[in-house]
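Take a look at the letters that make up each chain.
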Amino acid sequence: MSKTKAYAAQTAATPLEEWSLERRAPKPHDVQIEILYCGVCHSDLHTARNEWGNTIFPVVPGHEIVGRVTAVGDHVSKFKVGQLAGIGCLVDSCRECDNCKEGLEQYCSNGMVGTYNGQEKDGSGITYGGYSKQIVAHEDFVLHITDKQPLEGIAPLLCAGITTYSPLKHWKVGKGDKVGVLGLGGLGHMGVKLAASMGAEVTMLSHSPSKEADAKKLGAHKFVLTSDKGQTKPVKGYFDFILNTVSADHDYNFYLRMLSTNGVMVCVGAPPTPAKIPAFNLIGGRKSIAGSNIGGLPETQEMLDYCAEHNIVSDVEVIKMSEINEAYERMLKGDVKYRFVIDMSTL
Ligand code: NAP
Ligand code: ZN
Ligand code: ZN
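Bear in mind that the values here come from a model prediction, so they are computed numbers and not experimental data.

In the first shell of the zinc ion (ligand 2), the protein supplies C41 (SG), H63 (NE2) and C159 (SG), at 2.0 to 2.2 Å from the metal. Between consecutive donors of the zinc ion (ligand 2), the numbers of intervening residues give the motif C-x21-H-x95-C. In this pair, C41 sits in the loop between β3 (30-39) and α1 (42-48) while H63 sits in the loop between α1 and β4 (65-72), placing the two residues 22 residues apart along the sequence.

Here it is as structure tokens:
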């Protein structure tokens, strides 16, 4: 066991503060990583404030982790001390169910183990995430990271990147497809970059007028301000695919109207309140509404390699660990371009 500095929320109503936790000594297949950067996902905020009602306190958020390997177990074959490594949203799964065997560990029938707020399969306790100096995980859940791109820009790929890449691939988005990305935050800005890189015609659907120029710089071909009727009317029945990344309660029906016949809206954003969708809004136009959860380990590595090949990283604002509570407030106001990443040397 080793004592590790961390930042934790002790209750849903209190700010995150310094805390310390015990990490296990590496088991034969474990990799120990000194965390260099950790991205700040809106899921961290939802969890720290118990907005989904499932938080076990104290909670140490953070699942966009990059760092350097400091120790490996005797049977580790994939990593060596000194190499760069990454950990995303999950650190374990049963590895026996059909989903796990297919590399869809995020849909493990026996429950995947989240990087934080998860229950270890061996009953040893709760998992604690990347707002900490060090982490230990089984090598099968650790990813290879290139040294050719800035590490702070790679960190958000571990959640925001894979969460947007996976549905774009699953629904075979490509050349000629009209894609709307709803919400320009951490996920949304990766959705724009990735969909554009796959050859789609990308429209940013945003409720923030100030984000138009940035959306275009990120690769969006068009920008629609969703509060402006003059701009939303022309995209009625327009999109083949909408990637919905909105974190707050909103009217899904408004965006379903923007789908073409057979169009699909994939929800990756997870607002706390359930959506109300009349069947008629799907029946007319044979539309679908779907969901997608992060990505499995093979696809996450594929995405990292794809981003390295296409020179894609996240646009980040690096913050100190002590600035995390302010960063949460700014994230709620949409005041982040477009992902906060914590420099873990500041903890
Ligand atoms: P974020 O950076 O805060 O971005 C969310 C964006 O949603 C905002 O930038 C804003 O974009 C839009 N938005 C916010 N409030 C809105 C409102 N009231 N009406 C309309 N649009 C609004 O958050 P994120 O880290 O990208 O995460 C987004 C959501 O995805 C969160 O709920 C998170 O928990 C979830 N998530 C899911 C998965 C998964 O596997 N499915 C993985 C990671 C995260 P505009 O200003 O452009 O409108
Ligand atoms: Zn996340
Ligand atoms: Zn499984």
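The discussion continues.
According to the stated counting rule, one finds 17 salt bridges in the structure shown. Between R95 and D92 there is a salt bridge, and its shortest N-O distance comes to 2.7 Å. What makes R95 partly exposed here is its relative accessible area of 34%. Classification of D92 as buried rests on a relative accessible area of 14%.

Before going further, it helps to spend a moment on the nonpolar core. Ranked by size, the top nonpolar core spans 52 residues in total, and within it V66, I145, I154, L194, M204, F241 and L304 carry the most contacts. Each of domain 1 (2-159 + 295-346) and domain 2 (162-291) gives at least three residues to this core. Leaving out residues up to four positions away in the same chain, F241 has contacts with P167, L168, W171, V173, K178, V179, G180, L259, V264 and V266. Membership of the second largest hydrophobic core comes to 40 residues, among which are I65, F79, I135 and Y328.

A few words on the sheet that holds strand β11 (residues 201-206). Read from one edge to the other, the open sheet built from six strands follows the order β12-β11-β10-β13-β14-β15, with strand pairing classed as parallel. Each edge of the open sheet carries a strand with a single partner, namely β12 (222-225) and β15 (288-291). Strand-to-strand twist across the sheet, computed as the mean angle between neighbouring axes with direction ignored, equals 20 degrees. Pairing geometry for β11 and β12, over four bridges, is parallel. In the strand pairing of β12, T203 is matched with K222.

Our focus in this paragraph is the site of ligand 1. Around ligand 1, the structure places 28 residues, and the nearest of them are S206, H207, S208, K211 and R339. Within the contact set of ligand 1, a nitrogen atom lies 2.9 Å away from a backbone nitrogen or oxygen of V268. At a separation of 2.6 Å, an oxygen atom of ligand 1 approaches a polar side-chain atom of R339. Within the residue set of the shell around ligand 1, elements represented by two or more residues are α1 and α5 (186-197). The dominant element in the shell around ligand 1, judged by the number of residues it contributes, is α1, at three residues. Classifying every residue of the shell around ligand 1 gives 11 nonpolar, 15 polar and two charged.

On to the pairing of strand β10 (residues 178-182), then. Taken across its five residues, β10 has four buried, putting it largely inside the fold. In the sheet, β10 pairs with β11 via five bridges, with the strands oriented parallel. Considered in β11, the bridge of V181 is made with M204. For the crossover that starts at β10, traverses α5 and ends in the parallel β11, the hand is right-handed. Relative to strand β13 (residues 239-244), β10 runs parallel, the two being bridged by four bridges. Counted as the bridge partner of L182 is N244 from β13.

Moving on: the packing of aromatic side chains. The relative placement of two aromatic rings is captured by the distance of their centres and the angle of their planes. For the coordinates displayed, the defined rule picks out five aromatic pairs. Judged by centre distance (6.3 Å) and plane angle (50 degrees), the rings of W171 and F241 are tilted. Of the two residues, W171 sits in the loop between α4 (160-170) and β10 while F241 sits in strand β13, which places them 70 residues apart along the sequence. W171 gets classed as partly exposed once you look at its relative accessible area, which sits at 30%. What makes F241 buried here is its relative accessible area of 3%. The ring of Y238 is capped by K178, whose NZ or CZ atom sits 5.2 Å from the centre of that ring.

What counts, and at which threshold
Residues numbered from 1 in each chain as written. Chains lettered and ligands numbered in written order. Predicted model: local features only at pLDDT ≥ 70, side-chain atom pairs only at ≥ 80, totals over all residues. Heavy atoms only, no water. Donors = N, O, S within 2.8 Å, 3.2 Å for Na, K, Ca; no water. Helix = DSSP H or I, 4+ residues; strand = E, 2+ residues; numbered from the N terminus. Salt bridge = Lys/Arg side-chain N within 4 Å of Asp/Glu carboxyl O. Buried < 20%, exposed > 50% of the residue type's maximum accessible area, 1.4 Å probe, protein only. Core = buried A, V, L, I, M, F, W, Y, C linked by side-chain atoms within 4.5 Å. Domains from an automatic or database assignment. Contact = heavy atoms within 4.5 Å. Pairing = 2+ DSSP bridges. Axes fitted to C-alpha atoms, helices over the stretch in contact; angles between N-to-C directions. Near = heavy atom within 4 Å. Polar contact = N/O pair within 3.5 Å; in protein donor to acceptor, adjacent residues only side chain to side chain. Nonpolar A, V, L, I, M, F, W, Y, C, P; charged D, E, K, R; others polar. Right-handed = clockwise from strand over helix to strand, strands pointing away. Phe/Tyr/Trp six-rings, centres within 6.5 Å; stacked < 30°, edge-to-face > 60°. Lys NZ or Arg CZ within 6 Å of the ring centre and 35° of its normal.

Structural measurements only, silent on function.
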